[in-house]
Each structure stands twice: as C-alpha cells, then as structure tokens.
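Coordinate inspection notes
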Amino acid sequence: MSVCSLTRVFEPPVRRGLRGLLPRFGTEPAKPKRIVAVNDLNLDIAAGHCFGLLGPNGAGKTTTVKMLATLLEPTSGNASVAGFDVTRSPRQVRRNIGVLFAGERGMYWRLSGRENLELFGTLAYMTRQRISDRIETVAERFGLQDRMDDLVETYSTGMKQRLNLARTTLHEPPVLLLDEPTAALDPVAAREARHLIRQIAESGTAILLTTHNLYEAEQICDRVGIIQSGTLVAEGQPADLIRQAGEVPRLDLLLRGDLSTAKATIGSDGLWWGDVSRDGEFAVAVRAPDGWRGSEALTSALVSQGIVVEQASLREPDLEDAYIAITGSRIERPFIER
Ligand SMILES: Nc1ncnc2c1ncn2[C@@H]1O[C@H](COP(=O)(O)OP(=O)(O)OP(=O)(O)O)[C@@H](O)[C@H]1O
Ligand SMILES: [Mg+2]
C-alpha cells in the first residue's frame, strides 16, 4: 500500500435557508473554516507489515483511512491499495481490503453473528463453501464459536468488536485498514485483539491501524507515523522515534533535606524538573542517560551531601514520551506517588 501526497480539504458548508430569519443573540457565530484534514501525506506499507498512525483528536487519521477505503475522495494526491488506485479503481480496492471503524456500528444487530458473516461474505463475492469454511476458522480464531447463532444485539461490546474483526478478515484481504480497533475493548480483549492483529500481519497482510494507545503501537507496529493537523511530523520504527525525540531514561527522586544543595549536586543540565512539596520532602526528575549506573552515582553524591533519598525510580523512555516530545504536549510532572 503506498500513499503519495495525499491531501483532503473540507470546504466550509454553504449555509442557506433559515439563517437570516433566526433571531440573533449578541455576537455573530464564528464563520466555518476550511479544514485541511490531511496534508501532503506520504506512506509506504509493505505486505506483512503493520503501520500505526498516531496523532491527537482531529489530526486526520480517520480521514486518511476513509480515503484509503474509497469512502472519501482525496482532494489531491493519490494512493495505491493492494495494487489499485483508490480513485481510478475503487471497486478493485474495495474487494481487496478489510475495513474496521471504531464503535459498534458495522454489524446488523438483529441478525446472528453467523448471518452477519454470511451476508458480508456474499457481498465480498465469496462462494457458499468458502464462506462456511472461513466462518468456522474466524469464529474459532476470534473466540466466538459458542455464540455464532445468537443475535448480535445480545453480544457484549468486546464480542461485537471481535465479530467486527472476524468480518474484516473473513475474505482474507491482503490489506486491512483498522481505525482504533481496540478502542472499546477491555484490557484482556484488547490484548487478544493485538495478538490477533500481529498474527494477521505476520501471515502476509499489510495493515494500517490508528490508535491512541501508544503501548499498543509499540507492541504491534513495525513502523509508526505521528500526524498532527493533517501533516506527518515523524515516522519510523518505535525505537527510532524514541531516539530521534532525544528521550533519555528519567530518574524520579523523592528527597528530604536542603533543596538548593540537592539541585546543585544534580546540576542544571541533569535537572529535568524539580519542586518543593510538603513536609520538607521534594520531588525531582533527573535526566539519566546512563541508566542505573549514573543514577546510583547521583544518589550516593546526594547522600554524601546530607540529602535523604526516600524513593528512587528509573523509567526507560517509551513511545509515549517520544509522542509527547514530538507533539509538544509535555507536562512536566514527576511520576512518583506520594
Ligand atoms: N465530513 C467532514 N466535514 C468537515 N470536516 C471534517 C469532516 N470529517 C472530518 N473533518 C475534520 O477533519 C479533521 C480531521 O478529522 P479526523 O476524523 O480525520 O481526525 P482523527 O485524527 O481521526 O481524530 P480522532 O482521534 O478524534 O478520531 C478534523 O478537524 C475534523 O473536524
Ligand atoms: Mg478518528
């Protein structure tokens, strides 16, 4: 799947009708703006790879998925999905993708799980025999074998989402587009879904998924991209992004003693964050590029200066730290619990 300069602009709607007739209350409502939802996006996702698109609310993730799924026309640029152009060959694209959007829609609640899959299999031009074979396989894979003949309205949210994943993969498409696939799942179901998504990628499928769960992205994505206001601001393997963001391990200390002596011992380069808190204890966060080695040297130095180290915890930087650094939404706060 490859995306080249993909752009989508939403023009402000033309307001007609009642506007002039409605009473005015004080100020005029703000004029609706033109929104560049996706701006010059470039991506490449190979078969067998899972790409995670991350970004704040309104960044353009769903708009991207919709364009790749041929549900929304790009304003400019193009994308090739499973070897077909999304604007020139939308039918072929649709036959070769599985699409899942967050939320519980996308299923007929008054039909059973099996009837839903039969219906979607038929719409995907599968033969009767293949539909029934695949239903057995996906029902088992997604842990739904005992509930296939129950109405979907009797399913829990997690079961609906698993059925949704089963529907998405029923026709074994070479490309999957998953918009927040684990959003409504409980921790156990989300972990299972992640495991299944990873397995599907490893069986040779190209997957684009969006998520707000950075742990999830780090666990299952080969590469991730961070999109902000429609623009891709970073892209790479999770470990590369963490390095690129310049994130280092961080030592959180809860100290007792003289604050200025402690700060002088740590040094202004090492001090990430520091403040006085109640009862003579204060929390500081320290840059710890050498991990525990440097941290132990620092705590010994603090102790020799008469500072009591009440608590110390070292945290390796993760994708969440990189995301926060890249999107510029850092909140300087020690993690230590008191
Ligand atoms: N049909 C539409 N008409 C006008 N603007 C739209 C439309 N759909 C989306 N937008 C705007 O495009 C931008 C991107 O929206 P999009 O749904 O792609 O964000 P997102 O990254 O999926 O966010 P979230 O994390 O909240 O799901 C937003 O500013 C949104 O308001
Ligand atoms: Mg979205």
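Residues numbered from 1 in each chain as written. Chains lettered and ligands numbered in written order. Predicted model: local features only at pLDDT ≥ 70, side-chain atom pairs only at ≥ 80, totals over all residues. Heavy atoms only, no water.

The pairing of strands in a sheet happens through backbone hydrogen bonds and is either parallel or antiparallel. The mixed open sheet is built from six strands, whose spatial order is 6-7-8-3-9-10. If you trace the sheet from one side to the other, it starts and ends with strand 6 (97-100) and strand 10 (231-236), each paired once. Averaged over all pairs of adjacent strands, the angle between their axes in this sheet comes to 15°, without regard to strand direction. Two elements, strand 3 (residues 50-54) and strand 8 (residues 206-210), share four bridges in a ladder whose sense is parallel. The residue bridging Gly52 from the neighbouring strand is Leu209, located in strand 8. Set on the sheet, helix 5 (residues 157-169) makes contact with strand 6 and strand 7 (175-179); between it and strand 6 the angle comes to about 160°. Contacting strand 3, strand 9 (223-228) and strand 10, helix 11 (residues 319-327) crosses the sheet at an angle of about 30° to strand 9. (Pairing = 2+ DSSP bridges. Helix = DSSP H or I, 4+ residues; strand = E, 2+ residues; numbered from the N terminus. Axes fitted to C-alpha atoms, helices over the stretch in contact; angles between N-to-C directions. Contact = heavy atoms within 4.5 Å.)

The next thing to look at is the sheet that holds strand 1 (residues 2-10). Ordered in space as 2-1-4-5, the four strands form an open sheet in which the pairing is antiparallel. The two strands at the open ends of the sheet, each matched to only one other strand, are strand 2 (35-44) and strand 5 (84-85). Pairing geometry for strand 1 and strand 2, over six bridges, is antiparallel. Residue pairing across strands places Arg8 opposite Val38, the latter belonging to strand 2. The strands touched by helix 1 (residues 61-68) within the sheet are strand 1, strand 2 and strand 4 (76-81), with strand 1 carrying the most contacts at an inclination of about 115°.

Counting residues in each nonpolar core, the largest one holds 43 residues, and the members touching the most others are Leu54, Leu117, Phe142, Leu178, Ile207 and Leu209. Core analysis: the second largest hydrophobic core is formed by 26 residues, Val3, Ile45, Phe51 and Ala206 among them. (Core = buried A, V, L, I, M, F, W, Y, C linked by side-chain atoms within 4.5 Å. Buried < 20%, exposed > 50% of the residue type's maximum accessible area, 1.4 Å probe, protein only.)

Under the 1.5 Å per step criterion, the end-to-end length of helix 5 is 19 Å for 13 residues, consistent within 8% with the ideal 18 Å. For helix 5, a buried count of 12 out of 13 residues is recorded, marking the element as mostly surrounded by other parts of the structure. Looking only at helix 5, the buried set comprises Gly158, Met159, Lys160, Gln161, Arg162, Leu163, Asn164, Leu165, Ala166, Arg167, Thr168 and Thr169. Buried residues belonging to helix 5 abut strand 6, helix 3 (113-123), helix 4 (128-141), strand 7 and helix 6 (187-202). (Expected span 1.5 Å × (residues − 1).)

Attention now goes to the layout of surface pockets. Taken as a whole, the largest pocket spans an internal volume of roughly 790 Å³. Around the largest pocket sit 25 residues that line it, and Arg94, Ile97, Val99, Phe120 and Arg167 are the ones nearest its centre. Elements represented by at least two residues in the lining of the largest pocket include exactly helix 2 (90-95), strand 6, helix 3 and helix 5. (1 Å grid on protein atoms, 1.4 Å probe; cavity = no way out; pocket = protein on both sides within 12 Å on 5 of 7 lines; lining within 4 Å. Points joined across faces, edges and corners; volume = space filled by probe spheres on them.)

Once that is clear, we can look at the domain arrangement of the protein. With domains assigned, the protein is organised as domain 1 (2-11 + 31-243) and domain 2 (248-317). Relative placement of domain 1 and domain 2: their C-alpha centres are 44 Å apart. (Domains from an automatic or database assignment.)

Okay, the side chain of Asp252 next. Here Asp252 is to be found in strand 11 (residues 250-256). A distance of 3.3 Å separates polar atoms of two side chains, one belonging to Asp252 and the other to Arg250. (Polar contact = N/O pair within 3.5 Å; in protein donor to acceptor, adjacent residues only side chain to side chain.)

Moving on, we get to the pairing of strand 8. Along strand 8, five of the five residues are buried, which leaves the element largely enclosed by surrounding structure. Burial along strand 8 is two-sided: Ala206, Leu208 and Thr210 facing one way and Ile207 and Leu209 facing the other are all buried. Direction of pairing for strand 7 relative to strand 8: parallel, over a ladder of five bridges. Considered in strand 8, the bridge of Asp179 is made with Thr210. Remark: the strand 7/helix 6/strand 8 crossover connection has right-handed handedness. (Right-handed = clockwise from strand over helix to strand, strands pointing away.)

When the charged atoms of two side chains lie near each other, side chains of opposite charge can form a pair. Here the structure, examined in full by the defined rule, presents 18 salt bridges. With a shortest N-O distance of 2.9 Å, Arg198 and Glu202 are connected by a salt bridge. A residue pair is termed a helical-turn pair when its members lie 3 or 4 positions apart in one helix, as Arg198 and Glu202 do in helix 6 at four residues. Salt bridges here are not isolated pairs; linked through shared partners, they connect Arg114, Glu136 and Asp149. (Salt bridge = Lys/Arg side-chain N within 4 Å of Asp/Glu carboxyl O.)

With 14 residues, helix 4 extends 20 Å from end C-alpha to end C-alpha; this agrees with the ideal 20 Å at 1.5 Å per step. Regarding helix 4, the residues found buried are Ile131, Arg134, Ile135, Val138 and Ala139. Considered in projection along helix 4, the buried side chains sweep an arc of 130° and stay on one side of the axis. Relative to its buried face, helix 4 has exposed residues pointing more than 90 degrees away, namely Gln129 and Glu140. On its buried side, helix 4 packs onto helix 3 and helix 5. (Arc of directions from axis to C-beta.)

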